[in-house]
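Listed below, chain by chain, are the residues.
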Amino acid sequence: MTAVDTDAGPDTGPDPALLAQFERVLARSDRIEPRDWMPERYRATLVRQVAQHAHSEIIGMQPEGSWLTRAPSLRRKAILLAKVQDEAGHGLYLYSACETLGVSREELTLRLLEGRQKYSSIFNYPTLSYADVGTIGWLVDGAAICNQVPLCRTSYGPYGRAMVRICKEESFHQRQGFELLMTMRSGTEAQRAMVQESVDRFWWPSLMMFGPPDAESPNTAQSMAWGIKRNTNDELRQRFVDMTVPQAQALGVTLPDPDLRWNEERGHHDFGQPDWEELAQVVRGNGPCNAQRLAHRQRAHDDGAWVREAATAFAARRSGEPSLSVEPVETPGADR
Ligand code: BYC
C-alpha cells in the first residue's frame, strides 16, 4: 500500500477512498504499514494487543528469572539466562512495533505500571520448583507458539515481522523446556514427582492464555475481520491441546483433566473447561502474584531511571553536535 498522509479528520469520518484502499489491502491479505492510513479503531486495537504482548514478554521474565541464581548446573543456568534475555529482546521488538503506531515506549510503560494495560494472566502464577522452568518452556511457550505463529501473518507489517523472529526463538524455548522435563523424568522418584506436580499446576492456566471462550470474547470478531488475529481463541486452544497430548505421553506425565479424550468423529481431543472465573479474577489483578509482578516491574523501572537520564542526555548532546566526537576521559591512575 502506498503512503497516504491525509486523514479526513474525526468529525467528518474517514475519507471513503482511504477506507476503500485500506479494505482492499486487507482483502488481498497484504500488509498495512505505519505510514498508511488506517481507521483509528484499528490503530487502537493494535496498540492494545501489541502493548499487552510486549508487557507480557517483559513481565514474563520474572517467574523464570527468579530461578537464575538457583539453577542446578552451569549448563542449566546458561540456557535459562539465554532464554530470559530472549524474552527481553521480544519485549523490545514489540515495543518498537507499537511505537510505529504513534505511542512512545515511555507512555506504554506508564500504562502498564498504572494498570491501564494488561499482560498475560499466566505470569501471575508462582514458580515453586525448577521443574516449573521446564513446564513454562514446554506448556507456556508451547501455547505462545500456537498463538503467535498465525500472528506472523497479521495484517500490520511491523507486528508480523517482529513475530517471525520471536516465533523462531520461542521454538528453542519450547524445546529446552521439553528437554529439561525429559531429563527430570528420567531422574529420581522425587524429580519425576516434581515434574508431574508442576504440570498439574500449569495446565489450566496455560489453556487460559488463549483468552476467554469465543462466545465471551468481545474483541475477536473485529480483530479477525481486520486480520489482526487470524484464528479465534477457541481454535488456538484446540490446536494447543491436540499438539500437547502426544508430547505429554512422550514425557510420561498425565494432564489433569478427566474429560480429556480423543474424539474420532471430530478428529480432535475433547477437553474440559478451565475455571473462567479464575481467569477473570487474575486479569482483574487478583491472581496469586499480580501485586508482586507489578511491584517488581516498578522497582526495576525506578532503578533504571539513571540509565534513561544518561541516554537522554547523551542523545541531546549528540544531536547538538555536527558530528560525534569521543572526548578522552581523564582517569586518574589509569594505564596509558
Ligand atoms: N491474560 O476479547 P478477548 C510469552 C483480555 S508472552 C490477560 O479475547 P483479544 C512468554 C483481553 O486483553 C506471550 N488478559 O481479547 C513470555 C481483553 O481485555 P482488553 C503473550 C487477557 O485481544 C515470557 C479481554 O481479556 N502473548 O509467550 O481479542 C516467558 C477480552 O479478551 C487474556 C500474547 O500477548 C489473558 N490470557 O484476545 C515465556 C499474544 N486473555 O484488552 C513466554 C497476543 C484475554 O479488551 N495477544 N485477555 O481490556 C493475543 O493473541 C490476544 O490479545 C489474546 C486475547 C488471545 C491474548
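Refer to the preceding data block for the structure.
Residues numbered from 1 in each chain as written. Predicted model: local features only at pLDDT ≥ 70, side-chain atom pairs only at ≥ 80, totals over all residues. Heavy atoms only, no water.

1. Let's talk about the packing of helix α7 (residues 157-185) against helix α10 (residues 233-251)
Alright, step 1. Packing of α7 against α10 leaves a shortest axis separation of 10 Å and a crossing angle of 30 degrees. By the angle between their directions, the pair α7 and α10 is classed as roughly parallel. The segment α7 lies against α10, with Gln174, Phe178, Leu181, Met182 and Arg185 engaging Met243, Gln247, Ala250 and Leu251. (Axes fitted to C-alpha atoms, helices over the stretch in contact; angles between N-to-C directions. Helix = DSSP H or I, 4+ residues; strand = E, 2+ residues; numbered from the N terminus. Parallel < 35°, antiparallel > 145°, perpendicular 65-115°, else oblique. Contact = heavy atoms within 4.5 Å.)

2. As for the site of the ligand
Alright, step 1. Near the ligand there are 35 residues, and of these Gln52, Lys118, Ser217, Lys229 and Asn233 occur at the shortest range.
Alright, step 2. Within the side chain of glutamine 52, a nitrogen or oxygen atom sits 2.8 Å from an oxygen atom of the ligand.
Alright, step 3. Considering the ligand on its own, with 1000 Å² of exposed area, one finds that the protein chains cover 91% of that surface.
Alright, step 4. At six residues, the largest contribution of residues to the shell around the ligand is made by helix α2 (residues 40-59). (Near = heavy atom within 4 Å. Polar contact = N/O pair within 3.5 Å; in protein donor to acceptor, adjacent residues only side chain to side chain. Areas by Shrake-Rupley, 256 points an atom, 1.4 Å probe, with all protein chains shown as cover.)

3. Notes on the packing of aromatic side chains
For any pair of aromatic rings, the description consists of the separation of the ring centres together with the inter-plane angle of the planes.
Alright, step 1. A complete count under the given rule lists seven aromatic pairs for this structure.
Alright, step 2. Measuring from centroid to centroid gives 5.7 Å for tyrosine 42 and tryptophan 226, while their planes differ by 90 degrees, and the two rings are edge-to-face. Taken together, the residues tyrosine 42 in helix α2 and tryptophan 226 in the loop between α9 (220-225) and α10 connect sequence positions 184 residues apart.
Alright, step 3. Looking at tryptophan 226, the relative accessible area reads 9%, which means it is buried.
Alright, step 4. Relative to phenylalanine 178, the ring of tryptophan 138 has its centre 6.4 Å away and its plane inclined at 65 degrees; by these criteria the two rings are edge-to-face. Of the two residues, tryptophan 138 sits in helix α6 (residues 131-148) while phenylalanine 178 sits in helix α7, which places them 40 residues apart along the sequence. An identical accessibility class is assigned to tryptophan 138 and phenylalanine 178; each is buried.
Alright, step 5. By way of ring pairs, the aromatic residues Phe22, Trp37, Tyr42 and Trp226 are connected into one cluster.
Alright, step 6. In this structure, arginine 70 is placed above the aromatic ring of tryptophan 67, and the distance from its NZ or CZ to the ring centre is 3.9 Å. (Phe/Tyr/Trp six-rings, centres within 6.5 Å; stacked < 30°, edge-to-face > 60°. Buried < 20%, exposed > 50% of the residue type's maximum accessible area, 1.4 Å probe, protein only. Lys NZ or Arg CZ within 6 Å of the ring centre and 35° of its normal.)

4. Examining the pattern of salt bridges
Alright, step 1. All chains considered together, the criterion is met by 16 salt bridges.
Alright, step 2. A salt bridge links aspartate 30 to arginine 28, with the shortest nitrogen-to-oxygen separation between them at 3.3 Å.
Alright, step 3. A salt bridge links arginine 161 to glutamate 33; its shortest N-O distance comes to 2.8 Å. Placement of the pair is arginine 161 in helix α7 and glutamate 33 in the loop between α1 (16-27) and α2, with a sequence separation of 128 residues. (Salt bridge = Lys/Arg side-chain N within 4 Å of Asp/Glu carboxyl O.)

5. Section: the side chain of histidine 269
Alright, step 1. Looking at the secondary structure, you find histidine 269 in strand β2 (residues 268-270).
Alright, step 2. Beyond its immediate stretch of four places on either side in the chain, histidine 269 contacts Gln238, Val241, Asp242, Val245, Leu260, Arg261, Trp262 and Asn263.

Don't take any of this as a statement about function, it's just geometry.
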